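Chain by chain, the residues:
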Amino acid sequence: MGIGEFRNKRNRSTFLGMRRSPNVSPRRLSDISPQLRQLKYLDVDESIKEDLKSSRSVEDINSASIGLTSIEERILRITGYYGYQPWTAIYTRDERPRENLTPAEAQAPAAPDTGGQRVTRCCLKLTASQARKICWGVAVLLGVCLSWTGSTQIAKLAFRKFDAPFTLTWFATNWNFLFFPLYYIGHLYTSTEKQSPKQRYRECCRFFGDDGLTVKVFFTKVAPFGVLWTLTNYLYLHALRKINTTDVSALFCCNKAFVFLLSWIVLRDRFMGVRIVAAILAIAGIVMMTYADGFHSHSVIGIALVVGSASMSALYKVLFKLILGSAKFGEAALFLTILGGVNFVFFSFIPVILYFTKVEYFDSTDAVPWGYLCGVSVLLLTFNILVNFGIAVTYPTLISLGIVLSVPVNAVVDHCTSEISFNTVRVIAVLTISLGFLLLLLPEEWDQWIIKLLARLKVRKKEEAAEGNGEAGPGLSWSRRARSSMSNFTH
C-alpha cells in the first residue's frame, strides 16, 4: 500500500470520525491514540473539497484551522470530543458574522426580516381579536349585570302590589317561546346558507336523538328540566318577599359552588382544591348571612328559599350535561322554547288553583301591575339570552362576572331606596360568597399557567442578561468557550 493511498483513506475515515455524535465520543485521552498519530495527515484532499463544495464545511474547516493551532484544539476537532465541532453550521446564513462572509456577500444588502414582520403582524391580529372579544365581553357583562339587577329590583317592587310569585314565574317563563324565533332571525341575518324554519327545526331536533323529539324523549329528557326551571325561578322570586335583594343576589351566587360539588360527585369531574375552598367559603357565607339577621324565622325562610333556588339551578346544569350533553346555539334555543311550552301546557292550572284558593289572590286584572310583570319578563329573557348565547362573542368568565357584579349594584340600589342596615357580619358574608364565586371562575389549569408564566419571565430575564453580556464583549465569550472546552478535555 502506497503512502498516498494510505493518506487518502485515512483522511476519509478521519473526516467521517470527526462527524461522530457526542454520545459516542471517547472519554479518555488514551482512547484516541490512533487519531493522535494521524495528526500529520490532517489535510483535506481536493476530492473531498469538491464533494463538499456546496456546503460551508470546507470554509469553516479552513477558518477554524487558522485560528485553532494548539494540539488540544486539534484533538478536539478530530474526535468531536464532547460535541466540539467548530466546522458545524452554528450560525444560519443570515446569522453568520460579517467578517466571515465573502466579498460578494458582504456587499449585498441584508434581507428584510420577513419572519419578524410576519410574527408581529400575527401578534397584532391576535391582539385585535382579543381586544374585540374583551370589548364585547364588557358589553355583555354590563348587560348581564343590569338585566339581572333590574329584574330583581322590579320583581321586588311588583310584590308590593301583586303578591303572587308563582303567577309571576309562570308569566315570565312563557316568554321563553321567543328564543327559537329570535335565533332564527339571527340565523337568517348571519348564515350564508338560509334554511326554512321547518328545516332548521328538524336539524335542531337531532339534538334529542336520531328520532328527534318523540313523546318518550319529551317526558324523559325535557319535561323534568321544565320543572327544575320553574322551581328555580319561583324559589328565587319567593325569597324576594322575605329578604332584601342584596342578600338574595349574593346567596344565589352559591349555585356555582353547588355545580362544582355535584359535578365532582355525579360527573366525576376533576378534583380541584381551590374549588373546594370556594365551596367552603360559599357555605360559610350562607351561615354568616343567617347570623347577620339573628336567626329570625322570616330571614331564615328567605335564605333557605334562595339556597334552594341555587341548588335547583345547579341540579339543572349538571343533569343537562349528564343527560343531553352540550348543545349548539340553535339546539339551546329550541330547548328553551320547548321549556316555555312545557310551562304553558302543564303548569297553567297552578296559578288558577292558587287564585281560587286565595293563596295568590288579586281583585281584578286591572289591579295587576302589567308593566312590572312585562318588565321582569323582558329583563329575564334578556338575561337568559346573554348567558346562553353571549359565549359566541366573548369569554364565559366575563359573562359569569356579570352575575357577581350584580351584588354590589343591588346593594347600592337598596341603600338608596330602602332603609337597610349593612352591618359588619352581612358585609363579610357578601364578600365571602363573592370571593368563593370568583375562585370558582379560575380555569382548571390555572396553576400550570402561573408556573409557565413564571418560567417565561425567568427565561426572559436570562436572555436579557445574556444579550447584555454579548453586547459588552462578543470576543470574550468565544475565548471563554475555548478555555472551558480545553479544561474539560484535560480533566
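The rules we used
Residues numbered from 1 in each chain as written. Predicted model: local features only at pLDDT ≥ 70, side-chain atom pairs only at ≥ 80, totals over all residues. Heavy atoms only, no water. Helix = DSSP H or I, 4+ residues; strand = E, 2+ residues; numbered from the N terminus. Polar contact = N/O pair within 3.5 Å; in protein donor to acceptor, adjacent residues only side chain to side chain. Core = buried A, V, L, I, M, F, W, Y, C linked by side-chain atoms within 4.5 Å. Buried < 20%, exposed > 50% of the residue type's maximum accessible area, 1.4 Å probe, protein only. Contact = heavy atoms within 4.5 Å. Axes fitted to C-alpha atoms, helices over the stretch in contact; angles between N-to-C directions. Parallel < 35°, antiparallel > 145°, perpendicular 65-115°, else oblique. Nonpolar A, V, L, I, M, F, W, Y, C, P; charged D, E, K, R; others polar. 1 Å grid on protein atoms, 1.4 Å probe; cavity = no way out; pocket = protein on both sides within 12 Å on 5 of 7 lines; lining within 4 Å. Points joined across faces, edges and corners; volume = space filled by probe spheres on them. Patch = residues over 30% accessible without salt bridge, like charges linked within 9 Å, V, L, I, M, F, W, Y side chains within 5 Å. Areas by Shrake-Rupley, 256 points an atom, 1.4 Å probe, with all protein chains shown as cover. Salt bridge = Lys/Arg side-chain N within 4 Å of Asp/Glu carboxyl O. Phe/Tyr/Trp six-rings, centres within 6.5 Å; stacked < 30°, edge-to-face > 60°. Lys NZ or Arg CZ within 6 Å of the ring centre and 35° of its normal. Disulfide = S-S within 2.5 Å. pLDDT = per-residue confidence, 0-100.

Caption draft 1: Up close: the side chain of serine 377. Assignment of secondary structure puts serine 377 in helix H18 (residues 370-389). Reaching out from serine 377, the side chain makes a polar contact with the backbone oxygen of leucine 373 at a distance of 2.8 Å.

Caption draft 2: Representation of the nonpolar core. Core analysis: the largest hydrophobic core is formed by 56 residues, its most contacted members being Leu251 and Met289. The greatest single-element share of this core, amounting to six residues, is contributed by helix H15 (residues 297-323). Aside from chain neighbours lying at most four places away, what touches leucine 251 is Ile243, Ile286, Met289, Ile303, Val306, Ala310 and Ile433. Core analysis: the next-biggest nonpolar cluster, separate from the first, contains 26 residues, Cys204, Phe208, Phe218 and Ala333 among them.

Caption draft 3: Summary view of the packing of helix H11 (residues 215-239) against helix H16 (residues 329-346). Where H11 contacts H16, the two axes come as close as 9 Å, and the packing angle between them is 75°. Viewed along their axes, H11 and H16 adopt a mutual orientation that is roughly perpendicular. Each of Phe218, Phe219, Lys221, Val222, Phe225, Gly226, Trp229 and Thr230 in H11 lies in contact with H16, whose residues at this interface are Phe335, Leu336, Ile338, Leu339, Val342, Asn343 and Phe346. Along the lines of polarity and charge, the residues of the contact of H11 with H16 split into 11 nonpolar, three polar and one charged.

Caption draft 4: Structural detail: the layout of surface pockets. Space inside the largest pocket adds up to approximately 1900 Å³. Lining the largest pocket are 50 residues, with Lys256, Val259, Lys317, Val387 and Asn388 sitting closest to its centre. For the lining of the largest pocket, the secondary structure elements donating two or more residues are helix H7 (114-158), H11, helix H13 (255-266), H15, H16, H18, helix H19 (396-417) and helix H20 (424-440). A per-class count over the lining of the largest pocket returns 29 nonpolar, 13 polar and eight charged.

Caption draft 5: Quick look at a nonpolar patch on the surface. Taken together, Ile134, Val138, Leu142, Leu146, Tyr395 and Leu405 make up a surface patch of nonpolar side chains, about 520 Å² in accessible area. Looking at which element gives the most residues to the nonpolar patch, the answer is H7, with four residues. Its place among the elements puts leucine 146 in helix H7.

Caption draft 6: How the structure looks around the environment of glutamate 331. Summarising the element assignment, glutamate 331 is placed in helix H16. Considered as a pair, glutamate 331 and cysteine 204 are 127 residues apart in the sequence and their alpha carbons are 4.9 Å apart. Setting aside anything within four residues of it in sequence, one finds glutamate 331 in contact with Cys204, Phe207 and Ser326.

Caption draft 7: Region of the structure containing empty space enclosed by the protein. Within this structure, the stated rule accounts for one cavity of 30 Å³ or more. Estimates place the volume of the largest cavity at around 90 Å³. At the level of elements, helix H8 (165-173), H11 and H18 are the ones that each hand at least two residues to the lining of the largest cavity. Counting residues per element, the lining of the largest cavity draws most heavily on H18, at four residues. Per-class residue counts for the lining of the largest cavity are six nonpolar, six polar and no charged.

Caption draft 8: Structural view of the packing of aromatic side chains. Summed over the entire model, instances satisfying the criterion amount to 29 aromatic pairs. Between the aromatic rings of phenylalanine 179 and phenylalanine 389, the centroid separation amounts to 6.3 Å while the plane-to-plane angle is 45°, which identifies the pairing as tilted. Within this pair, whereas phenylalanine 179 is found in helix H9 (residues 179-190), its partner phenylalanine 389 is found in helix H18, the two being separated by 210 residues in sequence. Aromatic side chains tyrosine 355 and tyrosine 361 sit 5.2 Å apart centroid to centroid with 20° between the ring planes, which places their arrangement in the stacked category. With relative accessibility at 42%, the residue tyrosine 361 sits in the partly exposed group. Within the aromatic cluster, the residues linked to one another by ring pairs are Phe207, Phe208, Phe225, Trp229, Tyr316, Phe320 and Phe335. Lying across the ring of tyrosine 395, lysine 133 places its NZ or CZ 4.9 Å from the centre. Between lysine 358 and the ring centre of tyrosine 361, over which it is positioned, the NZ or CZ distance is 5.6 Å.

Caption draft 9: Just helix H12 (residues 245-252), in detail. The buried count for H12 comes to eight of eight residues, which makes it a mostly enclosed element. Of all the positions in H12, only Thr245, Thr246, Asp247, Val248, Ser249, Ala250, Leu251 and Phe252 are classed as buried. The distance from a side-chain oxygen at the start of H12 to the backbone nitrogen of threonine 246 is 3.2 Å, and the residue carrying that oxygen is asparagine 244.

Caption draft 10: Representation of the environment of leucine 188. With respect to the helices and strands, the residue leucine 188 is situated in helix H9. Here leucine 188 falls in the partly exposed class, since its relative accessible area comes to 35%.

Caption draft 11: Fine view of H8. Burial analysis of H8 places nine of its nine residues in the buried class, which makes it a mostly covered element. Within the sequence span of H8, burial applies to Pro165, Phe166, Thr167, Leu168, Thr169, Trp170, Phe171, Ala172 and Thr173.

Caption draft 12: Structural view of the side chain of threonine 173. Following the sequence through the fold, threonine 173 ends up in helix H8. Residue threonine 173 is classed as buried on the basis of its relative accessible area, which comes to 2%. In this structure threonine 173 touches Trp229, Gly340 and Asn343, once residues within four positions along its chain are discounted.

Caption draft 13: Quick look at the environment of phenylalanine 179. Note on phenylalanine 179: relative accessible area 1%, which makes it buried. Other than its neighbours up to four places away in sequence, phenylalanine 179 contacts Ala333, Leu336, Thr337, Leu381, Asn384, Ile385 and Phe389.

Caption draft 14: Spotlight on the state of the cysteines. Taken as a whole and judged by the stated rule, the model has zero disulfides. Cysteine cysteine 204 remains unbridged, with the sulfur of cysteine 205 as its closest cysteine sulfur at 7.3 Å.

Caption draft 15: Region of interest: the confidence of the model for the chain. With 68% of its residues at a pLDDT of at least 70, the chain reaches an overall mean of 75. Here helix H6 (residues 103-107) stands out as the least confident element of the chain, with mean pLDDT 42; H8 is the most confident, with 94. Across residues 1-29, confidence stays below pLDDT 50; counting only partners more than four residues off in sequence or on other chains, it has 50 contacts. Contacts of residues 475-491 to residues separated by more than four positions or lying in other chains number 12 contacts, the stretch itself having pLDDT below 50.

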